[in-house]
Amino acid sequence: MDKEFLIENFINGIPKAELHLHIEGTFEPELMFKIAKRNNIKIKYESVEELRNAYSFGNLQDFLNIYYEGANVLMTSDDFYDLTKAYLDKIHSQNVLHCEIFFDPQTHTSRGISFGTVITGIHKALTEAKEKNGISSYLIMCFLRDLDLESAMKTFEEAIPFKDWIMGVGLDSAEVGNPPSKFKDIFDLARSKGFMTVAHAGEEGPAEYIREALDLLKVSRIDHGNNSLHDESLVEELVRLKIPLTICPLSNHKLRVVDKLENHPLKKMMEMGLEVTINSDDPAYFGGYINENYLAIANALNLSKEDICRIAKNSFNASFLTDVDKELLNKKVDEYMAQST
Ligand code: ADE
Ligand code: ZN
């Protein structure tokens, strides 16, 4: 058997968690057309193929424009349920045992869809996936950083009746010009109410934004964090504090954060002692779910089985699971490694 086949099988089977995934970014064109028809909404593309062909992005903003347009099709709780169920079925086939899912409430509430409509549909699918497939999950509600603090505050209030269904808050959307400092007050409030915090930082924005996310938003993880490598003392701080980076290889390539995967800094990050995980970000738009991300970066950087094993363990250790669960899941990875050699 050739090496590539072996590594693909190894990746497919290894137990893993996904920690950086936007549920709106899992909206496959086929489902988008189906839901659009059901809701009597006209999509500006004629066919699934034409829509897929539009998925070519020069930068993050190019992508966000099409991503928000796609999300406009989602109207009812059933729509959010179908979207979430499709993702959970997919990751079940990829041996994901735990996921922490972002959703963007403002994308929907700004169109008159209630917070309750959105979260009820997502939550129903998560509960079923736990019962049927044993996949555990947490929800992280993201604030859109290109909107103002007042809008984030209003969204937070809308979330309070559903707070038992939400593990944490995050920060996403157009990064440059929207630094973490803009959201210090809402993150202070969220932490005081018991929410965990994460933030996208250093995807297109400078290392300084990562510092702000750490110092001002007091995040437990940095989503992306690629640009941390421009600041040696920041990397030392991330290593010292054991702050994980949720890395998204195919996203980084599609959004031109890296020119080619062979130049992706993931391996270098590991060598520097950073705790990295591999994730799919917006798989319907970037050409692959979590296993395709593992495989593409493993091939590009010649990752070993040990590297992959380390990353899979990182994915559990960087999660918001309890220490007991983390230990159990680390053991599963060890058992998998032992029977695969
Ligand atoms: N929203 C969805 N995907 C995103 C990304 N990669 N960066 C920022 N915001 C996003
Ligand atoms: Zn993201």
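Just so it is clear, the model here is predicted, and its values are computed rather than measured. (Residues numbered from 1 in each chain as written. Chains lettered and ligands numbered in written order. Predicted model: local features only at pLDDT ≥ 70, side-chain atom pairs only at ≥ 80, totals over all residues. Heavy atoms only, no water.)

## As for the coordination of the zinc ion (ligand 2)
Surrounding the zinc ion (ligand 2) are the protein donor atoms His20 (NE2), His22 (NE2), His200 (NE2) and Asp281 (OD), at 2.0 to 2.2 Å. Each of the 4 donor atoms around the zinc ion (ligand 2) contributes to a set of angles spanning 84 to 176°, which defines the coordination as irregular. Look at where the donors of the zinc ion (ligand 2) fall in the sequence and you get H-x1-H-x177-H-x80-D. Remark: His200 occurs in strand β5 (residues 196–201) and His20 occurs in strand β1 (residues 16–22); sequence separation between them is 180 residues. For His200, a relative accessible area of 4% puts it in the buried group. (Donors = N, O, S within 2.8 Å, 3.2 Å for Na, K, Ca; no water. Tetrahedral: all angles 85-135°; square planar, octahedral: opposite > 155°, others 65-115°. Helix = DSSP H or I, 4+ residues; strand = E, 2+ residues; numbered from the N terminus. Buried < 20%, exposed > 50% of the residue type's maximum accessible area, 1.4 Å probe, protein only.)

## Overview of the sheet that holds strand β2 (residues 96–103)
Strand order in the open sheet formed by 8 strands is β1-β2-β3-β4-β5-β6-β7-β8, with parallel pairing between adjacent strands. Looking along the sheet, the strands with just one partner apiece sit at the ends: β1 and β8 (276–278). Sheet twist, expressed as the mean angle between neighbouring strand axes with direction ignored, is 25°. Examined bridge by bridge, β1 and β2 share 5 bridges and lie parallel to one another. Across the sheet, residue Leu21 finds its bridge partner in β2, namely Ile101. (Pairing = 2+ DSSP bridges. Axes fitted to C-alpha atoms, helices over the stretch in contact; angles between N-to-C directions.)

## A word on the site of ligand 1
Every residue lining ligand 1 is accounted for by His22, Leu60, Phe63, Leu64, Tyr67, Asp172, Ser173, His200, Glu203, His224, Asp281 and Asp282. Glu203 is positioned with one of its side-chain polar atoms (N or O) 2.7 Å from a nitrogen atom of ligand 1. Within the side chain of Asp281, a nitrogen or oxygen atom sits 2.7 Å from a nitrogen atom of ligand 1. Alone, ligand 1 offers 260 Å² of accessible surface; in the complex the protein occludes 100% of this. With 4 residues, the single largest contributor to the shell around ligand 1 is helix α4 (residues 60–71). Considered class by class, the residues forming the shell around ligand 1 number 4 nonpolar, 4 polar and 4 charged. (Near = heavy atom within 4 Å. Polar contact = N/O pair within 3.5 Å; in protein donor to acceptor, adjacent residues only side chain to side chain. Areas by Shrake-Rupley, 256 points an atom, 1.4 Å probe, with all protein chains shown as cover. Nonpolar A, V, L, I, M, F, W, Y, C, P; charged D, E, K, R; others polar.)

## A look at the nonpolar core
The biggest cluster of nonpolar side chains holds 108 residues, and the ones touching the most others in it are Leu266 and Tyr285. Beyond its immediate chain neighbours, meaning those up to four positions away, Leu266 contacts Ile247, Val276, Ile278, Ile297, Leu301, Leu303 and Ile311. Listed in part, the 5 residues of the second largest apolar core include Phe102, Cys142, Val198 and Phe320. (Core = buried A, V, L, I, M, F, W, Y, C linked by side-chain atoms within 4.5 Å. Contact = heavy atoms within 4.5 Å.)

## What to know about helix α9 (residues 184–192)
Within α9 the residues assigned to the buried category are Ile186, Phe187 and Ala190. Looking straight down α9, one finds its buried side chains confined to an arc of 100°; they lie on one side. Where α9 terminates, the next one or two residues include Gly194, which has phi positive at roughly 95°. (Arc of directions from axis to C-beta.)

## Re the side chain of Gln94
Within the secondary structure, Gln94 sits in the loop between α5 (77–92) and β2. At a separation of 3.2 Å, a polar atom in the side chain of Gln94 contacts the side chain of Glu292. Those residues in contact with Gln94, other than ones at most four positions away along the chain, are Asn12, Lys16, Tyr289, Ile290, Asn291 and Glu292.

## Digging into the pattern of salt bridges
Enumeration over the complete set of coordinates arrives at 14 salt bridges. For Arg38, the salt bridge is made with Asp79, and the minimal N-O distance between the two is 2.6 Å. Residue Arg38 is located in helix α2 (residues 29–38), and its partner Asp79 is located in helix α5; the two are separated by 41 residues in the primary sequence. When its relative accessible area of 0% is taken as the criterion, Asp79 is described as buried. Here Lys154 and Glu158 are joined by a salt bridge, their closest N and O atoms 3.5 Å apart. Placement of both Lys154 and Glu158 in helix α8 (residues 149–159) is noted, with a separation of 4 residues, approximately one turn of the helix. (Salt bridge = Lys/Arg side-chain N within 4 Å of Asp/Glu carboxyl O.)

## Quick notes on the packing of α2 against α5
The N-to-C vectors of α2 and α5 enclose an angle of 165°; their axes lie 11 Å apart at closest approach. Considered as vectors, α2 and α5 are oriented roughly antiparallel to each other. For the pair α2 and α5, the crossing hand works out as right-handed. Touching Leu31, Ile35 and Arg38 of α2 are Asp78, Asp79, Asp82, Leu83 and Ala86, all from α5. In terms of residue class, the contact of α2 with α5 is built from 4 nonpolar, no polar and 4 charged. (Parallel < 35°, antiparallel > 145°, perpendicular 65-115°, else oblique. Left-handed = near helix turned anticlockwise from the far one by under 90°.)

## Quick look at unusual backbone geometry
A positive phi angle, close to 60°, is found at Asn95, a residue other than glycine. Within the secondary structure, Asn95 is located in the loop between α5 and β2. A relative accessible area of 31% places Asn95 in the partly exposed class. Of note in the backbone geometry, Arg256 takes a positive phi value of approximately 60° without being a glycine. Counting through the fold element by element, Arg256 comes out in the loop between α12 (249–254) and α13 (266–271).

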